[in-house]
Amino acid sequence: MTKLKLGPLEDDKPVKLTIELPAVVFRDLKTYAEILTRSGGAATPAEPAKLIAPMIERFMATDRAFAKARRNAAQPVPGAVERSG
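First things first, this report covers the structure right here in the doc. (Residues numbered from 1 in each chain as written. Predicted model: local features only at pLDDT ≥ 70, side-chain atom pairs only at ≥ 80, totals over all residues. Heavy atoms only, no water.)

Take the environment of Leu6 next. With respect to the helices, strands and loops of the structure, Leu6 is situated in the segment before helix H1 (23-38). Separated by 48 residues in the primary sequence, Leu6 and Pro54 place their C-alpha atoms 7.2 Å from one another. (Helix = DSSP H or I, 4+ residues; strand = E, 2+ residues; numbered from the N terminus.)

Okay, here's the thing in structure tokens:
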């Protein structure tokens, strides 16, 4: 059985976003969806477009530099005065 980085896809309220992909990336996305379906990672055939969000989410979750930068951005700036509005 193939060990893919993506598992079953969650049903979540989407935000509409229009993107353009190179044809080669779209073909690979279609192939990934087919393999995911065959490996039992999806109950129904996955639409390639539905893989984009989980792939980006997985990418960001495993990007250590992004996690560090996000933690640093969430920390208050020393000496800054917090204002209530």
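Here the narrative resumes.
A few words now on the nonpolar core. When a protein is soluble and globular, its nonpolar side chains tend to lie buried together. Membership of the largest hydrophobic core is limited to 8 residues, which are Leu4, Leu6, Leu29, Tyr32, Ala33, Leu36, Ala46 and Leu51. The element best represented in this core is H1, accounting for 4 residues. Residues contacting Ala46, with those up to four places away along its chain left out, are Leu9, Ala33, Leu36, Thr37 and Leu51. (Core = buried A, V, L, I, M, F, W, Y, C linked by side-chain atoms within 4.5 Å. Buried < 20%, exposed > 50% of the residue type's maximum accessible area, 1.4 Å probe, protein only. Contact = heavy atoms within 4.5 Å.)

Our next topic: helix H2 (residues 48-61). With 14 residues, H2 should cover 20 Å at 1.5 Å per step; its first-to-last C-alpha distance of 21 Å lies within 8% of that length. Looking at H2, one finds that the buried residues are Pro48, Leu51 and Pro54. On an axial view of H2, the arc spanned by its buried residues comes to 115°, and they lie on one face. Seen from the open side of H2, the exposed residues pointing more than 90 degrees away from its buried face are Ala49, Ala53 and Glu57. Among the structural elements, H1 are those in contact with the buried residues of H2. (Expected span 1.5 Å × (residues − 1). Arc of directions from axis to C-beta.)

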